[in-house]
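Results of the structural survey
Residue strings, one per chain:
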Amino acid sequence: MSLRWTALSASVQGASHENKGQGNQDAVRLKNPSGADDVLLLAIADGHGSARSFRSDRGSALAAECALRELLRFTRQLRPDAPLSRVRNQAKNRWPAALVTAWKNAVRADLTARPFSQMEFAAFPEPPPKVKPGEELPVTAYLAYGATLIAVAITPRYILYSQLGDGDILTVRADGVVSRPLPKRHEYMANQTVSLCSHNAPGEFQIQVDALRGPGPALVMLSTDGYANCFRQDDDFFKVGADFLSYLRAEGTAYVGGKLENWLRQSSHDGSGDDITVGLAARASALASPARPAHANLLSP
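A short tour of the structure in this document, coming up.

Parameters and conventions
- Residues numbered from 1 in each chain as written.
- Predicted model: local features only at pLDDT ≥ 70, side-chain atom pairs only at ≥ 80, totals over all residues.
- Heavy atoms only, no water.
- Buried < 20%, exposed > 50% of the residue type's maximum accessible area, 1.4 Å probe, protein only.
- Helix = DSSP H or I, 4+ residues; strand = E, 2+ residues; numbered from the N terminus.
- Pairing = 2+ DSSP bridges.
- Contact = heavy atoms within 4.5 Å.
- Axes fitted to C-alpha atoms, helices over the stretch in contact; angles between N-to-C directions.
- Parallel < 35°, antiparallel > 145°, perpendicular 65-115°, else oblique.
- Left-handed = near helix turned anticlockwise from the far one by under 90°.
- Nonpolar A, V, L, I, M, F, W, Y, C, P; charged D, E, K, R; others polar.
- Salt bridge = Lys/Arg side-chain N within 4 Å of Asp/Glu carboxyl O.

**Here's the deal with the pairing of strand S5 (residues 158-164)**
Counting buried residues along S5, seven of its seven residues qualify, which places the element largely inside the surrounding structure. Bridging between strand S4 (residues 147-154) and S5 involves six bridges; their strand directions are antiparallel. Along S5, the bridge assignment pairs Ala153 with Leu160. Hairpin connection, S4 to S5: the antiparallel pair is bridged by three residues. In terms of strand pairing, S5 meets strand S8 (residues 206-211) through six bridges, oriented antiparallel. Directly across from Tyr158, in S8, lies its bridge partner Ala211.

Structural data, given as structure tokens:
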């Protein structure tokens, strides 16, 4: 018997990025559970895409990959019967530092394999930084790979929510009520965000560990900020979570998985124009209702 959750995802290049010939700076990785005591892992990352962050597509991919690896390590190093107080303590004090260290090591390895070129630094006054054995990379090296990160681990006993920078996590109850497990930081609404290349990145993580007692959420949705920016207000965006649950109940995960990319592409075209990445984790026992969505908010920013 497997953990009764299923994850699916999609990531699309933003309409404005496509028009400018820019690639998708987002990344998503997931791991579905394979046994009763296994975990579901889901991570999305959003590369900055600025002039200084010219390798942020690589940075976001490395972030999502490191998140899955370090989250799996975190959940397996704790005893299955570890008190949730200890899980929360470790999640706040150990997991962020481990993730940032892993990402920086991955950036260093990527730079060793593909050193910065003179062309990449042609617009900047300083020469390209080089990897030197035993020395920390300069800030400009990490900034080139800069990315935000949102990651979730769902175990048989708890859900671990973690976020660094902008983007969104929504939870949807079986009755369709949508909420945020983590408070929205208002400074991110002004296009200012922390990320993995920030000076105190481990200390900037938002962490929440919720016990899976009772029914728990029916759906957990992770998305990069390009999705919420398609909607005029939070209430409109929240309806997306309820719509996803309704479509999953009415049509199933295969249907939603097959349509998700087109839905996101249309939202970017009609809305923010930004890259959009969405990861969904659905609880199988909550997908029994035959109700169909009353509106197509997924496609109507």
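Read on, since the account is not over.
**Some words on the sheet that holds strand S10 (residues 276-283)**
For sheets, the rule is that strands pair by backbone hydrogen bonds, running either parallel or antiparallel. Strand order in the open sheet made by the five strands is S1-S10-S9-S6-S7, with antiparallel pairing throughout. Strands at the two margins of the open sheet, each flanked by one partner only, are strand S1 (5-12) and strand S7 (178-179). The strands that helix H8 (residues 234-251) touches are strand S6 (168-172), S7, strand S9 (219-223) and S10; relative to S9, the one it contacts most, it runs at about 130 degrees. Together, S1 and S10 form the strand contacts of helix H9 (residues 253-270), whose direction differs from that of S1 by roughly 30 degrees.

**Things to note about the packing of helix H2 (residues 56-77) against helix H4 (residues 95-113)**
Relative orientation of the contacting elements H2 and H4 amounts to 135 degrees, with a least axis distance of 9 Å. On the basis of their axis angle, the class for H2 and H4 is oblique. The element H2 and its partner H4 pack so that their crossing is right-handed. Taken together, the residues of H4 that come into contact with H2 (itself represented by Arg58, Gly59, Leu62, Ala63, Cys66, Ala67, Arg69, Glu70, Leu71 and Phe74) are Trp95, Ala98, Leu99, Ala102, Trp103, Ala106, Val107 and Asp110. Here the contact of H2 with H4 is composed, by residue class, of 13 nonpolar, one polar and four charged.

**Digging into the sheet that holds strand S3 (residues 40-47)**
Spatially, five strands are ordered S2-S3-S4-S5-S8 in an open sheet, and the strand pairing comes out antiparallel. Two strands in the sheet have a free side with no partner beyond their single neighbour: strand S2 (26-31) and S8. Across the sheet, the mean angle from the axis of one strand to that of its neighbour is 5 degrees, orientation sign disregarded. Contacts between H2 and the sheet are confined to S2, S3, S4 and S5, with S3 contributing the most and set at about 155 degrees to the helix.

**What about the pattern of salt bridges?**
Applying the stated criterion across every chain yields a total of 16 salt bridges. Residues Arg114 and Asp110 are paired through a salt bridge, measuring 3.9 Å at the closest nitrogen-oxygen approach. Its relative accessible area of 41% is what places Arg114 among the partly exposed residues. What makes Asp110 buried here is its relative accessible area of 8%. Across the salt bridge formed by Arg173 and Asp175, the nearest N and O atoms sit 2.6 Å from each other. Residue classification places Asp175 among the exposed positions, given a relative accessible area of 54%.

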